[in-house]
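Analysis of the macromolecular model
For reference, the chains in residue letters:
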Amino acid sequence: MALEEYKRKRDFKQTPEPPPKLGKGKQQRFVVQKHRATRLHYDFRLEMEGVLKSWAVPKGPDLDPANKRLAMQVEDHPLEYGEFEGTIPKGQYGGGTVMLWDRGRWIPDGDQHAGYKKGHLNFTLEGEKLKGSWHLVRMRPRRGDKHENWLLIKGEDAEARKSGDP
Ligand code: MN
């Protein structure tokens, strides 16, 4: 995917978002941005192959392994996007406010490239809010799907919380 779709969707004379530049390095960063666009959602991003692989999670991550969260894959974003906070002007793609909600390091369990291709990533998050083991699992495509739908699921570990826990 690289960043063509990212570039095509945006007018960089209008939006303060970072330009489509491929990155280098393997810092294995992850970021979650709270995005108040037409609909509130959380953008979950993992650094991979010089870009941020990105998923829009309407309900946001959930610490209860029983609550599998829909994560719609969206276009790759440049690494600099991981620092972005601000307001995308009304009328522009994703118009609304973007706020950093969590960030840190992600540690893939096994080969991330094979896992991504297969549609099953197991990893550990070292964020401020999100920690411990997580899974991203691609669902079987259904006719008419505009995006690849994945599920973001908390792994069973000491960081997991049952709904209703304090
Ligand atoms: Mn978004």
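Now for a description of the structure that goes with this document. (Residues numbered from 1 in each chain as written. Predicted model: local features only at pLDDT ≥ 70, side-chain atom pairs only at ≥ 80, totals over all residues. Heavy atoms only, no water.)

**Focus on the layout of surface pockets**
As a reminder of what qualifies: Using only the protein atoms, space was sampled on a 1 Å grid; points where a 1.4 Å probe fits but cannot get out form cavities, open sets with protein on both sides within 12 Å along at least five of seven lines form pockets, and lining residues are those with an atom within 4 Å of a point. Grid points are joined across faces, edges and corners, and a volume is the space filled by probe spheres set on the points. Secondary structure counts use DSSP, requiring at least four H or I residues in a row for a helix and at least two E residues in a row for a strand, with both numbered from the N terminus. For this classification, Asp, Glu, Lys and Arg are treated as charged, while Ala, Val, Leu, Ile, Met, Phe, Trp, Tyr, Cys and Pro are nonpolar and the rest, including Gly, are polar.
Considered as a void within the structure, the largest pocket measures approximately 550 Å³ in volume. Ala37, His41, Ala56, Val74 and Tyr93 are, among the 22 residues lining the largest pocket, the residues nearest its centre. Looking at the lining of the largest pocket, the elements with two or more residues in it are strand S2 (40-48) and strand S4 (69-77). Class assignment for the residues of the lining of the largest pocket results in nine nonpolar, seven polar and six charged.

**With respect to the pattern of salt bridges**
Any two side chains of opposite charge can pair, on the condition that their charged atoms come close. As a reminder of what qualifies: Think of a salt bridge as a Lys or Arg side-chain nitrogen and an Asp or Glu carboxyl oxygen that are within 4 Å of each other. Note on exposure labels: buried denotes an accessible area under 20% of the residue type's maximum, exposed denotes more than 50%, and partly exposed covers the range between, all computed with a 1.4 Å probe on protein chains only.
On inspection of all chains with the given rule, the structure shows 17 salt bridges. Residue Arg29 is joined to Glu47 by a salt bridge in which the shortest nitrogen-to-oxygen separation is 3.1 Å. Residue Arg29 is found in strand S1 (residues 29-36), and its partner Glu47 is found in strand S2; the two are separated by 18 residues along the sequence. For Arg29, a relative accessible area of 27% corresponds to the partly exposed category. Residue classification places Glu47 among the buried positions, given a relative accessible area of 2%. Among the salt bridges present, the one from Glu156 reaches Lys162, with a minimum N-O distance of 3.8 Å. Of the residues examined, Glu156 reaches a relative accessible area of 60% and is grouped as exposed.

**What to know about the environment of His41**
Our working definition: In what follows, a contact means two residues having at least one pair of non-hydrogen atoms within 4.5 Å. Side-chain atoms alone can form a polar contact between residues adjacent in sequence; in general such a contact is a pair of N or O atoms within 3.5 Å, and within protein one must be able to donate a hydrogen while the other accepts it.
Mapped onto the fold, His41 is located in strand S2. Distance in space between the C-alpha atoms of His41 and Pro58 is 4.2 Å, their sequence separation being 17 residues. Ignoring any residue separated from it by four or fewer positions in sequence, one finds His41 in contact with Gln33, Lys34, His35, Ala56, Val57 and Pro58. Only 3.0 Å separates the side chain of His41 from the backbone oxygen of Arg39, close enough to count as a polar contact. Within the structure, His41 has its side chain in polar contact with the side chain of Asp43 (distance 3.2 Å).

**Side note on the nonpolar core**
Applicable threshold: Definition of nonpolar core: a set of buried residues of the types Ala, Val, Leu, Ile, Met, Phe, Trp, Tyr and Cys, connected through side-chain atoms within 4.5 Å.
Formed by 20 residues in total, the largest nonpolar core has its most connected members in Phe44, Leu46, Phe123 and Leu136. When residues of this core are traced back to their parent elements, those giving at least two are S1, S2, strand S3 (51-57), strand S6 (96-108), strand S7 (120-127), strand S8 (131-138) and strand S9 (149-154). Examining the composition of this core, we find that four residues originate from one element, S2, more than from any other. The residues touching Leu46, leaving out its near neighbours within four places in the chain, are Arg29, Phe30, Val51, Leu52, Lys53, Trp55, Trp106, Leu121, Phe123 and Leu136. Val31, Leu52, Tyr81 and Val98 belong to the second largest nonpolar core, which has eleven residues in total.

**Points about the side chain of Gln33**
Within the secondary structure, Gln33 is located in strand S1. The exposure class assigned to Gln33 is buried, which follows from its relative accessible area of 0%. A polar side-chain atom of Gln33 sits 2.7 Å from a polar atom in the side chain of Arg45. Setting aside residues no more than four positions away along its own chain, Gln33 makes contact with His41, Tyr42, Asp43, Arg45, Tyr81, Gly82, Phe84, Val98, Met99, Leu100 and Trp101.

**Notes on the coordination of the manganese ion**
Using the following cut-off: Atoms of type N, O and S within 2.8 Å of a metal are treated as its donors, and for Na, K and Ca the window is 3.2 Å; water is not considered, so some sites may appear to be missing partners.
Within the protein, the manganese ion binds to His35 (ND1), His41 (NE2) and Asp43 (OD); these donor distances fall in the range 2.2 to 2.3 Å. Read N to C, the donor residues that coordinate the manganese ion are spaced as H-x5-H-x1-D.

**Topic: the pairing of S3**
For clarity, the cut-off: DSSP calls a pair of strands paired once it identifies at least 2 bridges connecting them.
Across the seven residues that make up S3, a large majority, seven, are buried. Burial along S3 is two-sided: the residues Val51, Lys53, Trp55 and Val57 and Leu52, Ser54 and Ala56 are all buried. Bridge count between S2 and S3: seven bridges; the pairing is antiparallel. Residue pairing for S3: Asp43 is matched across the bridge by Ala56. Counted between consecutive antiparallel strands, the loop separating S2 from S3 contains two residues, among which Glu49 sits at a positive phi close to 55 degrees. Where S3 lies against S4, four bridges are found, and the strand directions are antiparallel.

In short, shape yes, function no, at least from these values alone.
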